[in-house]
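Breakdown of the fold
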Amino acid sequence: LTLEQMPTEIASITTGGGGGAEVEPIVLTGDCTYGCAGAVAGAYVEMYGDTISTQDITSAGNMFLKTTLENIPFEINFDENSKVDAAFFLHKAAKLKTLPKMNNFVPTNLSNFLAGCGELEEIPEDYFDNWDFSYINTSAGAYGGSMASMFSACDKLRSIPDNLFTQEHINHAAKYNYTLYNQGFHSCYSIDKIKL
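A quick note: this is a predicted structure, and the numbers were derived from the prediction, not measured. (Residues numbered from 1 in each chain as written. Predicted model: local features only at pLDDT ≥ 70, side-chain atom pairs only at ≥ 80, totals over all residues. Heavy atoms only, no water.)

A closer look at the pattern of salt bridges
- Using the criterion set out here, one finds three salt bridges in the structure.
- Asp192 serves as the salt-bridge partner of Arg158, at 2.4 Å between the closest nitrogen and oxygen. Here Arg158, found in the loop between β8 (107–109) and α3 (168–177), pairs with Asp192, found in the segment after α3; they are 34 residues apart in sequence, far enough to count as distant.
- One salt bridge in this structure joins Lys193 and Asp162, with 3.3 Å as the shortest N-O distance. Within this pair, whereas Lys193 is found in the segment after α3, its partner Asp162 is found in the loop between β8 and α3, the two being separated by 31 residues in sequence. (Salt bridge = Lys/Arg side-chain N within 4 Å of Asp/Glu carboxyl O. Helix = DSSP H or I, 4+ residues; strand = E, 2+ residues; numbered from the N terminus.)

Focus on the packing of aromatic side chains
- Evaluation of the coordinates by the stated rule reveals 14 aromatic pairs.
- Measuring from centroid to centroid gives 4.5 Å for Phe78 and Phe105, while their planes differ by 15°, and the two rings are stacked. Separated by 27 residues along the polypeptide, Phe78 in the loop between β5 (76–77) and β6 (84–85) and Phe105 in the loop between β7 (102–103) and β8 bring together distant segments of the chain.
- We classify Phe78 as buried; its relative accessible area is 1%.
- One aromatic cluster in this structure is built from Phe64, Phe74, Phe78, Phe89, Phe105, Phe113, Tyr127, Phe128, Trp131 and Phe133.
- The ring of Tyr135 carries the charged tip of Lys83 above its face, separated from the ring centre by 4.6 Å. (Phe/Tyr/Trp six-rings, centres within 6.5 Å; stacked < 30°, edge-to-face > 60°. Buried < 20%, exposed > 50% of the residue type's maximum accessible area, 1.4 Å probe, protein only. Lys NZ or Arg CZ within 6 Å of the ring centre and 35° of its normal.)

Some details on the pairing of strand β4 (residues 52–59)
- Examined bridge by bridge, strand β3 (residues 26–31) and β4 share six bridges and lie parallel to one another. Its bridge partner lying in β4, Gly30 is registered against Ile57.
- The parallel pair β3 and β4 is bridged by helix α2 (residues 38–48), and the resulting crossover is right-handed. (Pairing = 2+ DSSP bridges. Right-handed = clockwise from strand over helix to strand, strands pointing away.)

Details of a nonpolar patch on the surface
- Together, Tyr181, Ile194 and Leu196 make up a nonpolar patch on the protein surface, roughly 300 Å² of accessible area in all.
- Accessibility expressed as a relative area gives 68% for Leu196, which makes it exposed. (Patch = residues over 30% accessible without salt bridge, like charges linked within 9 Å, V, L, I, M, F, W, Y side chains within 5 Å. Areas by Shrake-Rupley, 256 points an atom, 1.4 Å probe, with all protein chains shown as cover.)

What is shown is where atoms sit, not what they do.
Listed below in structure tokens is the structure:
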């Protein structure tokens, strides 16, 4: 489904006598900007997450902005031919405790990607292994660069996976344009380790 089709599909859901809602499988695809943002979408995902999957996502900016979810119950599958703007992807996801798996992810913008995920304590050490950082925009631009404030206000986050800083393109961007260091770890009070 595209985002434009979702309201019609949701409205057509019928409930039976005491049996609860019967929901057909839903596939999120294409432009998913703001697709699961906010409390209403969060409640829907929490209730019917086992029926939701993703396929060929081409844009994910603000996709889970201010979600109320603690966990995202499906993987995020991007279009293998697309370079994706994922700025503010999980911005202010204040209850989130785990991160979704990202497949075929070629980000161009990660500004505020996890900013405000105040309950997130851990990022798996291999989390960034399969991301292609080759197309990260290294110019400063809006928000101080395309990785600015990426982890800002992750109050309980303990460490940043080492492999994030082994990416040649990120190191170049950070060294010359300060994109990742522009408030990248602002208010990260609990961090024990960042290996540069």
